[in-house]
Amino acid sequence: MGHNQPIQSNPQEQFVQIPLNIEHRLTTPISLTSESNQRRNKWVTIIICTILAVTGQCVARLLENYYFLHRNRSRRRGILTQPLLQVVGFPILLFPFLLHFLIKKQKQLLIFSGGISLKQLAITYSCLCIYMFCQAFFSNVRNQIPFRVFTLIYTTQLLFTLILSKCYNKIKFNRWTIISLMLAVLAGAFTLYTFSAGSPIYDSWKKSNKWGTMYVALCAAAFLSFLLCIIRKVFEELISICNTSTNRKRPSFVVVLELIIFLSLVVTIILVAAILISGEHHSMKKEMDRFTKGEIAYVRTMVGQAVAWQIYWVGLVGLAFAVSAVFSNVISVCTWPIVSLLVVCFYDKYDHFDVFRGIALGAAALSVASYIYVIHKEKSDDI
């Protein structure tokens, strides 16, 4: 009998030592709170980035129209000035970027210390710099062909983004995503009659090398789509590395600033070197002197465009970081009707509101609403 008592107590001791319910009750509220905070922060990021992308593009396009209205039309404008304005304003991002490092007491760059190999980083960043340079250079073609033709061609960026995101980023699409893209194409196409001071007259353009400029515009659309898909791929790889590592947190929005600052710095160096080699810098002083609104207005216009383009890039790349390259491109195209409406308000002498702008605004609103519904459904399914 004394020998059997220890044997009967062993199962009871083993049963008591398994605290399954206690462990479940302790971890579940913490995990739910963390997931709730992540969802809230993501929606805040989406809203802020959307506002930045829309605001930056609207201000940049309005100032661009102002520049072309008051520049000296008797002189041929340099082809590198406007592309340079898209990237040269990156120093304004240094303050929030360095402030983050001071607050967090961080000593390493997030992307370079994220576990990605240096060889892969070098290849990725080289591709990004080349594509960003080409996209900035090709964007100049919008002032070499009529705006209505450029608009119809440039809406193909949505098709390019759809294909590249499917093949390169492995994104799955549903019917609401397709509806959003179709509405975005409709919104962009119905802004074709918007006033654009820098574009040539349609009749005179038909006599020039129209097929060459159309091909370059098509390349510009493809380059922007591929650029956003590559950027999204960098973020996906960094997020994947952080998720699989036990001692690393999920990357914050500061990686967006790091990426834009580095890319803009490299592209700015390339464009400045190209301007110096081509001798285009000699004509910039003459252009400023002959600006009809004066030198101060010229400088303000150039600085305003540089700042606005950086705001736009932060919003655009931020949306690629928070959601996808497709949603980033949808927001970019759906901003065109807002730009068209603002052009009517600020340049009513040259343009007026019509039914096409009303249709474009409605289609843009429905397109964004459809994609937001997609994001909401995805996050609901993850809960």
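Below or above, wherever it landed, is the structure these notes cover. This one's a predicted model, so the numbers in the text were calculated from it and none came from an experiment.

1. Quick look at a positive patch on the surface
Then comes step 1: Judged by side-chain charge, K166, K170, K172 and K233 come together as a positively charged surface patch.
Then comes step 2: For K166, the location among the structural elements is in helix α7 (residues 157–167).

2. Quick look at the nonpolar core
Then comes step 1: By size, the foremost hydrophobic cluster in this structure holds 77 residues, and its most contacted members are F235, W313, V317, F327 and V330.
Then comes step 2: For this core, the leading source of residues is helix α13 (residues 295–322), giving 14 residues.
Then comes step 3: When residues no more than four places from it in sequence are discounted, the contact partners of V317 are I231, F235, V256, L259 and I260.
Then comes step 4: L80, L84, V87 and I275 belong to the second-largest nonpolar core, a separate cluster that totals 6 residues.

3. Here's the deal with the packing of aromatic side chains
Then comes step 1: Counted under the stated rule, the structure contains 13 aromatic pairs.
Then comes step 2: Each ring, one from F235 and one from F321, has its centre 5.1 Å from the other, and the planes form 80°; the classification is edge-to-face. With F235 in helix α10 (residues 210–244) and F321 in helix α13, the pair connects residues that are 86 residues apart, well separated along the chain.
Then comes step 3: Looking at F321, the relative accessible area reads 10%, which means it is buried.
Then comes step 4: Here the aromatic residues Y66, Y67, F68, F291 and Y298 are joined through ring pairs into a cluster of three or more.

4. Remarks on the side chain of H70
Then comes step 1: Residue placement: H70 occurs in helix α2 (residues 20–70).
Then comes step 2: The class of H70 is buried, set by a relative accessible area of 17%.
Then comes step 3: With residues up to four places along the chain from it excluded, the contact list for H70 reads R290, F291, T292 and K293.

5. Here we look at the packing of helix α11 (residues 254–278) against α13
Then comes step 1: Between α11 and α13, whose axes approach to 10 Å, the crossing angle comes to 130°. In terms of orientation, α11 lies oblique with respect to α13. For α11 against α13, the interelement crossing comes out right-handed. Contacts between α11 and α13 involve V255, V256, L257, L259, I260 and S264 on the former and, on the latter, Q310, W313, V314, V317, G318 and F321.

Parameters at a glance
- For every chain, the first residue of the written sequence is number 1, and numbering continues from 1 onward in sequence order.
- Local features in this predicted model are restricted to residues of pLDDT 70 or higher, and side-chain atom pairs are both shown and tallied only at a pLDDT of 80 or more, whereas totals for entire chains, interfaces and linings draw on every residue.
- Note: side-chain values were computed over all heavy atoms of the structure, leaving out hydrogens and water.
- Any residue with relative accessible area above 30% and no salt bridge may belong to a patch, with like charges joined within 9 Å and the nonpolar Val, Leu, Ile, Met, Phe, Trp and Tyr side chains within 5 Å.
- The protein chains shown are the only cover counted for residues, whose accessible areas, like all others here, come from Shrake-Rupley with a 1.4 Å probe.
- Here a salt bridge means any side-chain nitrogen of Lys or Arg lying within 4 Å of a carboxyl oxygen belonging to Asp or Glu.
- A residue counts as positive if it is Lys or Arg and as negative if it is Asp or Glu; His and the chain ends are not included.
- Charge positions come from single atoms, namely NZ of Lys, CZ of Arg, CG of Asp or CD of Glu.
- What counts as a helix is a DSSP run of H or I of at least four residues, what counts as a strand is a run of E of at least two, and both are numbered from the N terminus.
- In this text, buried Ala, Val, Leu, Ile, Met, Phe, Trp, Tyr and Cys residues form a nonpolar core when linked through side-chain atoms within 4.5 Å.
- Between buried and exposed lies partly exposed: a residue is buried under 20% and exposed over 50% of the maximum accessible area for its type, with that area taken using a 1.4 Å probe on protein chains only.
- Note on contacts: a residue pair qualifies if any of its non-hydrogen atoms lie within 4.5 Å across the two residues.
- The aromatic pairing rule takes the rings of Phe, Tyr and Trp, using the six-membered ring of Trp, and pairs them if the centres are within 6.5 Å, calling planes under 30 degrees apart stacked, those over 60 edge-to-face and the rest tilted.
- In this analysis, axes come from line fits to C-alpha atoms, helices being fitted only over the stretch in contact, and the angle between any two N-to-C directions falls in the range 0 to 180 degrees.
- Throughout, the term roughly parallel applies to angles under 35 degrees, roughly antiparallel to angles over 145, roughly perpendicular to angles from 65 to 115, and oblique to all others.
- Throughout, a crossing is termed right-handed when the near helix is turned clockwise from the far one, and left-handed when it is turned anticlockwise from it by less than a right angle.

Without other data, these values stay purely geometric and don't point to any function.
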